[in-house]
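Inside the fold
Here are the chains, one letter per residue:
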Amino acid sequence: MIFRGRKMSDISKEGINTLIRKLRKPIAFLLIFGLLSTIRVPVLAAILTDEVEMIRYRWNTVDNRYEESDQLKSRYNILEMQGKIKKWKQYKYLYNKQYKGLEIVDYLGTGKKLSIPAKIKGQKVCVLGEACFANDKKLTEVTMPDTIVEIKNYAFAGTGIKKIKLSKHLKKIGEGTFYRCEKLKKLKLPDSLESTGLAFLANTGITSIVIPKNCTTCSLDYAPKLKKVQFASGWKGNSIEGFSGTAIRKIAVSGNIEKILCRSLQECNNLTSVDIAKKGKDLIIEDSAFCDSTALKEITIPKRVKRIGIHAFSGCTSLKKVIFEGDVPKGYEGYGEGYWTDEEGAMAKVFDGISPNAKFYVKKTYYNHYKEVFEEQGWYLDTMQIIAR
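Residues numbered from 1 in each chain as written. Predicted model: local features only at pLDDT ≥ 70, side-chain atom pairs only at ≥ 80, totals over all residues. Heavy atoms only, no water.

1. A few points about the overall build of the protein
The cut-off we apply is this: Counting from the N terminus, the helices are the DSSP runs of H or I reaching at least four residues and the strands are the DSSP runs of E reaching at least two. It only takes one pair of heavy atoms within 4.5 Å for two residues to be counted as in contact. What sets the accessible areas is the Shrake-Rupley method with a 1.4 Å probe; for residues, cover comes only from the shown protein chains.
Looking only at helices and strands, the protein has four helices and 28 strands in total. Counting only contacts in the protein whose residues sit at least 6 apart along the sequence, the fraction spanning at least 24 positions is 42%. Per element, the accessible surface of the protein, about 19600 Å² overall, is 48% carbon and sulfur.

What follows is the structure, given as structure tokens:
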């Protein structure tokens, strides 16, 4: 599976190369002086705990289970050797300096239902660590204490969870937190939530969700059964993102939205309705925003849309009717590379691969400008029409 251009199986080559460079001189020095056997662990620990930050994960399709990277295992093994990871009942934990509380890093229990403790030995539990409950197929129900403020990457990946109660003070949910929790069909996000990592609901059974008003970064990518998304009243976000590969059928873009981000609605093959508010702030539709959303048949582009990125509607094979309410939007320099300048790139590859019989409705005032720009594009076919209204 790919999330925004990254494969879950990728391991950071840059991180590994950096680690090798860091290790080369210290190890050579220790070998020369014959001290490697006596002080190897502290030296390696000092380097690894500082350098290994970018952790990658993958799904083992043969064994149908989530796997940690060797980097994550190494880090926890070293912390355990240092005595920083401790054990209490069925939990392993360490002290989290950021939140001045405890972080659970491993769960050794075997029960179906779990109530995570609010405190361990008098100290509050604030964080659920990376992959701490991953692959526990027996685990079906979890109750979380309100002391938890962060859930780290892949904490519950591949578990049998059907029901979970989140902390009412939870602020951050990590990447892929519920990845492959296929039995999880309902989830209530707390009002306190501020952000989620990429594809935190990927391959779950979630069908609908409400995004809290303070959650301005929320990635719902590749939740294949997600049909309905509602933004809470007073939602503070200013961009649309993270719906790729979902089953949503319609989306409303309010007047306070300033960007529809790159690939945010890519491969939404049930999407038939996009309602962009006519009045509001200037809006940018970024690169590949709606690409390969094959059920989309028509769209109205209000005057407030000032820029449209490359391949924004590419591969929308059913798109036959496009209404422009303003002049030709400028191009957008997007997603890490400069594809064009403002004037030269207007409409470059924007409608590649849409219906060959598409009709573009434009105001008479702008008809000649649209005709001039469109007829220069490789995607514009003889069977397409520009119609003044």
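2. As for the pattern of salt bridges
Here is the rule: Take a side-chain nitrogen of Lys or Arg and a carboxyl oxygen of Asp or Glu: if they are within 4 Å of each other, that pair is a salt bridge. Here's how the labels work: a residue is buried when its accessible area is under 20% of the maximum for its type, exposed when over 50%, partly exposed in between, all with a 1.4 Å probe on protein chains only.
Summed over all chains, the structure comprises seven salt bridges. Residue E182 is joined to R180 by a salt bridge in which the shortest nitrogen-to-oxygen separation is 3.8 Å. Two residues, E325 and K278, come together in a salt bridge whose shortest N-O distance is 3.5 Å. Highlighted residues: E325 in the loop between β25 (321-324) and β26 (330-332) and K278 in the loop between β21 (273-276) and β22 (283-285), separated in sequence by 47 residues. Given the relative accessible area of 15%, E325 is considered buried.

3. Focus: the sheet that holds strand β23 (residues 298-301)
Using the following cut-off: Two strands pair if DSSP finds at least two bridges between them. Fitted lines through C-alpha atoms serve as axes, helices being fitted only where they are in contact, and the angles separating the N-to-C directions of these axes extend from 0 to 180 degrees.
Overall, parallel pairing links the four strands, which are arranged β23-β25-β27-β28 in an open sheet. Either end of the sheet is taken by a strand with one partner, and the two such strands are β23 and β28 (385-388). Across this sheet, the average inter-strand angle for adjacent strands is 15 degrees, counted without regard to direction. Bridge count for strand β27 (residues 359-362) against β28 is four bridges, and the pairing is parallel. The partner of V362 across the bridge, within β28, is A388. Set on the sheet, helix α4 (residues 367-374) makes contact with β25, β27 and β28; between it and β28 the angle comes to about 170 degrees.

4. Points about the pairing of strand β10 (residues 123-128)
Here strand β7 (residues 101-107) runs beside β10; their pairing, made up of three bridges, is parallel. Following the sheet pairing, L102 is matched in β10 by V125. Bridge count between strand β9 (residues 119-120) and β10: two bridges; the pairing is antiparallel. Of the residues in β10, the one forming a bridge with I120 is Q123. Linking two consecutive strands that pair antiparallel, namely β9 and β10, is a turn of two residues; a positive phi of about 50 degrees is found at K121 within it. Summarising the sheet, β10 and strand β12 (residues 150-151) pair through two bridges and their orientation is parallel. Bridged to V127 within β12 is E150.

5. Comments concerning the pairing of strand β16 (residues 208-211)
The side chains of a regular strand alternate between the sheet's two faces. In β16, alternate side chains face the same way, and those of I209 and I211 are buried while those of S208 and V210 on the opposite face are not. Here β16 pairs with strand β17 (residues 228-231) via four bridges, running parallel. Across the sheet, S208 pairs through a bridge with K228, a residue of β17.

6. Comments concerning empty space enclosed by the protein
Our working rule: Note on definitions: the grid is 1 Å and covers protein atoms alone; a cavity is a set of points where a 1.4 Å probe fits but cannot get out; a pocket is an open set with protein on both sides within 12 Å along at least five of seven lines; lining residues have an atom within 4 Å of a point. Grid points are joined across faces, edges and corners, and a volume is the space filled by probe spheres set on the points. Amino acids outside the nonpolar list (Ala, Val, Leu, Ile, Met, Phe, Trp, Tyr, Cys, Pro) and the charged list (Asp, Glu, Lys, Arg) are all regarded as polar, and Gly is one of them.
Enumeration over the complete set of coordinates arrives at two cavities of 30 Å³ or more. Empty space within the second largest cavity amounts to approximately 50 Å³. What lines the second largest cavity is simply I211, T216, T217, C218, F231, W235, S239, I240, E241 and F243. Along the lines of polarity and charge, the residues of the lining of the second largest cavity split into six nonpolar, three polar and one charged.

7. A few points about the sheet that holds strand β13 (residues 163-165)
With respect to topology, three strands assemble into an open sheet ordered β8-β11-β13, the strand pairing being parallel. Since the sheet does not close on itself, it has two edges, and those belong to β8 (113-115) and β13, each with one partner. The average undirected angle you get between the axes of adjacent strands in this sheet is 5 degrees. Sheet topology places β8 next to strand β11 (residues 141-143); three bridges connect them, and they run parallel. Among the inter-strand pairings, K113 is bridged to a residue of β11, identified as E141.

8. A closer look at α4
Note the following rule: It is the directions from the helix axis to the C-beta atoms whose arc is reported.
Inspection of α4 places Y370, V373 and F374 among the buried residues, and these make up the whole buried set. All buried residues of α4 fall inside an arc of 90 degrees around its axis, so they share one side. Exposed residues lying more than 90 degrees from the buried face of α4 are N368 and E372.

9. What to know about a positive patch on the surface
Put simply, the rule reads: Within the patch definition used here, like charges are joined within 9 Å and nonpolar side chains (Val, Leu, Ile, Met, Phe, Trp, Tyr) within 5 Å, considering only residues with over 30% relative accessible area and no salt bridge. We count Lys and Arg on the positive side and Asp and Glu on the negative side, and we leave His and both chain ends out. A charged residue contributes its charge at one atom only: NZ of Lys, CZ of Arg, CG of Asp or CD of Glu.
A contiguous patch of positive charge, built from K112, K137, K162, K183, K185 and K225, is present on the exposed surface. Locating K162 in the fold gives a position in the loop between β12 and β13.

10. With respect to unusual backbone geometry
One non-glycine residue, A199, lies in positive phi territory at about 45 degrees. Relative to the helices and strands, A199 is located in the loop between β15 (195-196) and β16. If you check the backbone angles, R263 has positive phi at about 60 degrees while not being a glycine. Examined against the element boundaries, R263 turns out to sit in the loop between β20 (259-260) and β21.

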